[in-house]
Amino acid sequence: MRVRKKPWAAQELLDNTLVINDAPEKKGKWKEYFGNDHPIYVEIGCGKGGFLRKNAQAYPDVNFIGIERQETVVAMAARRADEELPNLAFVRDNASNLSDLFEVGEFQRLYLNFSDPWPKKRTYKRRLTYRGFLQEYRRIMGEDAEIRGLFEFSLNEFCADDWKLSNISLDLHNSDYEGNIMTEYEEKFSSRGMPIYRLEARNRK
Ligand code: SAH
């Protein structure tokens, strides 16, 4: 996602209580931070945060953490989520630092929605479903690892890394999947008539 740098972004990150600026210090302590034992679901590359904001409203018994590497984008996500949402937090960081943020088994589900495609051949290792990333997710999420999102490249990567796939759809909006919550990219692409793909991947054999 390309956004022009906003001069207010850095200050917003400091001022907005939904933004966690000392996230590595929360490693192993996210339950304490949220003050409950509810499951924790993470989205990497959360963009402007609409998906998490709507999830946090719909599922108050789940805690949601959005990780996004662009300062301005995190600031926009936090500003838009102006409701009091005690089960939502945003972290400005890169997916490659995931193990600095979470202890093994600390979150139960990972969403990857419309991750950057990195279309050039030599950049495929930056894709968030590149097998190097998958191995890291598996290591951190443990036995119950569950990933939702993505596509073709991802299908191959998931298979190469031996994940169990289910609920694969090549046209989500015309499938019988219920309770879908749309992301900003999903709204943009589907309004242009493009079908939305989706899959779920589990570590459990
Ligand atoms: N999930 C949102 C946004 C998709 S755009 C939606 O569906 O609407 C992809 C987002 O992922 C961009 O905002 C980009 O900055 C972020 N991103 C890409 N690679 C990342 C990485 N390695 N770590 C954290 N965020 C990343």
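A.B. asks: Any chance you could explain the overall build of the protein chain here in plain terms?
C.D. replies: When helices and strands are counted, the protein chain shows 9 helices and 7 strands. For the protein chain, the C-alpha atoms occupy an extent of roughly 40 × 40 × 40 Å along the three principal directions. Buried residues in the protein chain amount to 47% of all 205 residues. Of all intrachain contacts in the protein chain linking residues separated by at least 6 positions in sequence, the fraction that spans at least 24 positions is 73%. When the 33 positive and 33 negative side-chain charges of the protein chain are each reduced to one mean point, those points stand 8 Å apart.

A.B. asks: Would you take a moment to explain the sheet that holds strand 2 (residues 63-68) for this structure?
C.D. replies: Within a sheet, neighbouring strands are paired by backbone hydrogen bonds and run either parallel or antiparallel to one another. Strand order in the open sheet formed by 7 strands is 3-2-1-4-5-7-6, with mixed pairing between adjacent strands. Both outer strands of the open sheet, strand 3 (88-92) and strand 6 (164-169), are each paired with one neighbouring strand and no more. Sheet twist, expressed as the average angle between the axes of neighbouring strands with direction ignored, equals 20 degrees. As paired strands, strand 6 and strand 7 (residues 198-202) are joined by 4 bridges and run antiparallel to one another. Note on strand 7: the bridge partner recorded for Ser166 is Glu200. Across the face of the sheet, helix 8 (residues 152-160) comes into contact with strand 5 (146-149), strand 6 and strand 7 while running at roughly 160 degrees to strand 6.

A.B. asks: What should I look at first to understand the pattern of salt bridges in this one?
C.D. replies: Oppositely charged side chains can pair when the atoms bearing their charge come close. Enumeration according to the criterion identifies 15 salt bridges in this entry. Measuring nitrogen to oxygen at the nearest pair gives 3.2 Å for the salt bridge that ties Arg139 to Glu136. Linking Arg139 with Glu136, this pair stays in helix 7 (residues 131-141), spanning 3 residues, or about one helical turn. Here Glu146 makes a salt bridge to Arg202, at a shortest N to O gap of 3.2 Å. Within this pair, whereas Glu146 is found in strand 5, its partner Arg202 is found in strand 7, the two being separated by 56 residues in sequence. Exposure remark for Glu146: the relative accessible area of 8% places this residue in the buried category. Judged by its relative accessible area of 22%, Arg202 is partly exposed. The network of salt bridges with common partners includes Arg109, Glu146, Arg198, Glu200 and Arg202.

A.B. asks: What is the right way to look at unusual backbone geometry in this model?
C.D. replies: With the exception of glycine, most residues fall at negative phi, and the peptide bonds are largely trans. For Phe114, which is not glycine, the phi torsion reads 50 degrees and is therefore positive. Tracing the backbone shows Phe114 in the loop between strand 4 (109-112) and helix 7. Even without a glycine there, the phi angle at Asp162 is positive, about 65 degrees. Secondary-structure assignment places Asp162 in the loop between helix 8 and strand 6. Taking the relative accessible area as the measure of exposure, Asp162 reaches 48% and is therefore partly exposed.

What counts, and at which threshold
Residues numbered from 1 in each chain as written. Predicted model: local features only at pLDDT ≥ 70, side-chain atom pairs only at ≥ 80, totals over all residues. Heavy atoms only, no water. Helix = DSSP H or I, 4+ residues; strand = E, 2+ residues; numbered from the N terminus. Buried < 20%, exposed > 50% of the residue type's maximum accessible area, 1.4 Å probe, protein only. Contact = heavy atoms within 4.5 Å. Lys, Arg positive; Asp, Glu negative; His and termini not counted. Charge placed at Lys NZ, Arg CZ, Asp CG, Glu CD. Pairing = 2+ DSSP bridges. Axes fitted to C-alpha atoms, helices over the stretch in contact; angles between N-to-C directions. Salt bridge = Lys/Arg side-chain N within 4 Å of Asp/Glu carboxyl O.

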